[in-house]
Every structure is written in structure tokens, then in C-alpha cells.
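Here is how the chains run, residue by residue.
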Amino acid sequence: MDRIPSVDLRDFLSGDESRKQKFINEIGHAYETIGFVALKGHFLDNELVDNLYEQIKRFFELPVETKQKYEIPGIGGQRGYVSFGKESAKGKKEGDLKEFWHFGQYVENNPALEEEYPNNVNVAELPEFNEVGKQTYKMLEKTAKFVLRSLALHLGLEETYFDQYIFNGNSILRPIHYPPIHEEPKGAVRAAAHGDINLITLLMGAHGKGLQVQNHEGEWIDAIAEPDELMINVGDMLSRHSNNKLKSTIHRVVNPPKELWGTSRYSIPFFMHPVSEMKLDVLENCIDDKNPKQFEDITAGDFLNERLRELGLIK
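As the structure is a prediction and not an experimental result, all values here were calculated from the model.

A. Main features of the pairing of strand β8 (residues 200–204). Most of β8 sits inside the fold, with 5 of its 5 residues counted as buried. Neither face of β8 is exposed, since Ile200, Leu202 and Met204 on one face and Thr201 and Leu203 on the opposite face are all buried. Of the strand pairs in this sheet, β8 and strand β13 (residues 265–272) are connected by 5 bridges, and their pairing is antiparallel. Residue pairing for β13: Thr201 is matched across the bridge by Phe271.

B. Spotlight on the packing of helix α3 (residues 46–60) against helix α6 (residues 127–154). Interhelical geometry of α3 versus α6 gives an angle of 135° and a closest axis separation of 9 Å. One way to sum up the angle between α3 and α6 is to call them oblique. When the axes of α3 and α6 are compared, the crossing they make is left-handed. Only Glu128, Phe129, Val132, Gly133, Gln135, Thr136 and Met139 of α6 make contact with α3, whose side of the interface consists of Leu48, Asn51, Leu52, Gln55, Ile56 and Phe59. Its residues placed into classes, the contact of α3 with α6 shows 7 nonpolar, 5 polar and 1 charged.

C. Molecular detail of the pattern of salt bridges. Tallied over the entire structure, the rule returns 16 salt bridges. For Arg19, the salt bridge identified is with Asp11, shortest N-O distance 2.9 Å. Across the pair Arg149 and Asp163 runs a salt bridge, and its minimum N-O distance is 2.5 Å. Here Asp163 lies in helix α7 (residues 163–166) and Arg149 lies in helix α6, a separation of 14 residues in the sequence. Given the relative accessible area of 18%, Asp163 is considered buried.

D. Expanded view of the environment of His241. Of note, His241 is situated in helix α8 (residues 236–241). Expressed as a C-alpha distance, the spacing of His241 and Val282, which sit 41 residues apart in the sequence, is 4.5 Å. Other than its neighbours up to four places away in sequence, His241 contacts Tyr161, Phe162, Met278, Lys279, Leu280, Asp281, Val282 and Leu283.

E. Structural detail: the packing of helix α2 (residues 17–33) against α6. Their axes nearest at 9 Å, the elements α2 and α6 cross at an angle of 85°. Our classification of the angle between α2 and α6 gives roughly perpendicular. Only Val147, Ser150, Leu151, Leu153 and His154 of α6 make contact with α2, whose side of the interface consists of Lys20, Phe23, Ile24, Ile27, Gly28, Tyr31 and Glu32. Among the residues forming the contact of α2 with α6, the class breakdown is 7 nonpolar, 3 polar and 2 charged.

F. Structural detail: the packing of aromatic side chains. With the rule as written, the count across this model stands at 14 aromatic pairs. Pairing Phe59 with Tyr81 gives two aromatic rings, centres 5.8 Å apart and planes at 65°, and the pair type is edge-to-face. Of this pair, Phe59 sits in helix α3 while Tyr81 sits in strand β3 (residues 80–82), placing them 22 residues apart in sequence. What makes Tyr81 buried here is its relative accessible area of 3%. When the centroid spacing of 5.6 Å and the interplanar angle of 65° are considered together, the rings of Tyr161 and Tyr165 count as edge-to-face. Clustering of aromatic rings is evident, with ring pairs tying together Phe59, Phe60, Tyr70, Tyr81, Trp101, Phe103 and Phe129. Lys20 extends its terminal NZ or CZ atom over the ring of Phe12, reaching a point 5.1 Å from the ring centre. Its end group placed over the ring of Trp220, Arg252 keeps NZ or CZ at 3.9 Å from the ring centre.

G. Spotlight on the environment of Glu306. Topologically, Glu306 is positioned in helix α9 (residues 300–310). Expressed as a C-alpha distance, the spacing of Glu306 and Ile197, which sit 109 residues apart in the sequence, is 10.0 Å.

H. Region of interest: unusual backbone geometry. For Asn109, which is not glycine, the phi dihedral falls at a positive 55°. For Asn109, the position within the fold is in the loop between β4 (99–102) and α5 (111–116).

I. Seen up close, the pairing of strand β2 (residues 36–40). Counting buried positions along β2 yields 4 of 5 residues, so the element is predominantly enclosed. Two elements, strand β1 (residues 6–8) and β2, share 3 bridges in a ladder whose sense is parallel. Across the sheet, residue Ser6 finds its bridge partner in β2, namely Ala38. Alignment of β2 against strand β11 (residues 230–234), held across 4 bridges, turns out to be antiparallel. Paired with Val37 across the strands is Ile232, a residue of β11.

J. Looking closely at α9. Inspection of α9 places Ala300, Gly301, Phe303, Leu304, Arg307 and Leu308 among the buried residues, and these make up the whole buried set. Projected down its long axis, α9 shows its buried positions confined to an angular sector of 160°, all on one face. On the buried face of α9, the contacting elements are α8. Within two residues after α9, Gly312 carries a phi angle of roughly 85°, on the positive side.

Scoring rules and cut-offs
Residues numbered from 1 in each chain as written. Predicted model: local features only at pLDDT ≥ 70, side-chain atom pairs only at ≥ 80, totals over all residues. Heavy atoms only, no water. Buried < 20%, exposed > 50% of the residue type's maximum accessible area, 1.4 Å probe, protein only. Helix = DSSP H or I, 4+ residues; strand = E, 2+ residues; numbered from the N terminus. Pairing = 2+ DSSP bridges. Axes fitted to C-alpha atoms, helices over the stretch in contact; angles between N-to-C directions. Parallel < 35°, antiparallel > 145°, perpendicular 65-115°, else oblique. Left-handed = near helix turned anticlockwise from the far one by under 90°. Contact = heavy atoms within 4.5 Å. Nonpolar A, V, L, I, M, F, W, Y, C, P; charged D, E, K, R; others polar. Salt bridge = Lys/Arg side-chain N within 4 Å of Asp/Glu carboxyl O. Phe/Tyr/Trp six-rings, centres within 6.5 Å; stacked < 30°, edge-to-face > 60°. Lys NZ or Arg CZ within 6 Å of the ring centre and 35° of its normal. Arc of directions from axis to C-beta.

Structure (C-alpha cells):
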């Protein structure tokens, strides 16, 4: 496959069974082959997207010492600011050429999870930043819920199978700033080749070149969405749970050509995580003689902590 397929969530939500099944078939095939789709018909409107980009640009333009006030020690970068070069891909020593922010779950009626999750961090200098981030988080979480419902049906599960695990889940909205490059990077790229940890990732800001996906022939292909599309990919948790029926695909963000080094790039992924106690044990209906069980049993929380240590965010 040499391009990312495009699907329209409005087919799934249409109330027309043939359109709904068409969506399930299309996204299921895409995730079994390339692991990525470009999705139209999501719940973000243009005004919210424009407001979010304005606010994140304002935040990343703040002085370094102001941003560093919001870098919270001891929580593995799960909330607030993470400064330039702190994160590296699994197996890479060089830090990625990026800085980012984390919005986390807005827990409803669950004191135990309020205790488990770090608090969201409010930026005093930019009160709209916090509110726009929350609105975006909610709309992406809503979009992800219906994508997972379609995948549940594709896997032969109850449509609402994932709902119980993603409600109050440990999901993260991550506005990323890739600053201008001022000198030849020594072995570092904006984001080294990696797979995502979570169930699915919804990516805003894949409209320009930079994001590349490795297909199953080992070739790197550009993943470019239309302005009204989100790029959505399978993460390692969902790949494990489905016994690799749904593919978590390696991807990267490459450095731009030298003539564009002076430009910033912004990208906003939403990492859909379940609650920590969700069992990622391989689904029985994804195991057969041709596809024996590939992964050990583990909970989502234990898997996340294992991967955060590998990324250098937890020591």
C-alpha cells in the first residue's frame, strides 16, 4: 500500500446499515494492512481548531523560563510542559527535536481515578489555552469512541465493548512544537521512528509533509491528511489485544529540507488510553491455528509504565 486510505465517520453514524458496514469494512481493512486512516466527519469544528492552534502557538512563544514553570517533576511528563529534547524513541539515545504539552483526563464521578491521575496544569498567562484544550480533548475523545465501536464490530465484539474501558480513561492530548532547526542535527530528527503505546491515536496537524508511515514492504510513505481530516492509527495496546490483527505501524516525523529549517511545525495527537486496570490479554476470537497467541497477559497500566521507562520519561 502506497497511500493512507480515507474514511468518513458520517457513514458509521448515518443510521443506514449498509453505510455503517461499509465504514467498518474500510477501516478494518486499513488497520489490518497499513494501520492508518485519514478520517472525515469527526466532531471538531473549524473554529475550535483555529482557536486551539492560536493558543498553542501563544504558549510555545512564551519565554523558556515561563514555560519551565509548568514542567512538573515526578510525574513522567504526564501533565503540563515537557521541554525540548526530553523524550526519545525506544532504543534511541538522541532526544527528539520537539517540546510539548499534555492535557489529561477530566475525571467524572470517580475519586479513585482523580487520585491516580495527575492534575491538569493551568497556564496563568493564557486562560483560554486551558478551556480550548479541554473542549478539544472532549471532541477527540468522542470521535475516538465511535472509531473504537466500529473496530469492536470488526473484531466480532459487542459494539460498546470498549466504552467501559475508555470512559475516564488515561487519555492524553499532546500539542507538539517542532522549533526551527538552526544547525545540522547530530543524529536527531523531529520524532524518531516509533509505534504508539495506546489504543488509537487521533492526529491533528498532518496537513504538511513530515509525518511518514512504514508500510509492510518496509517503504516509508508520506501521511498527509486533507484540512478536514484527522489521521488515526492503531497503537500497541490495541495491536496486542487483537493479536496483531490490527497493526500498530511504525511512523516518524522527518526533518524538513534545509530551505525550510527556519519554520516551526505544530502537531496535536490525542492518545486514546483505557483505564489502567483494562486487561490487554489477547482476545480469544483473534487466536486460531494460523495465528497463535503472540503476547503475554498484561494490564494497560503496567504496559504504559513499562513503555514510559523505555522512553526515558520515567526513571
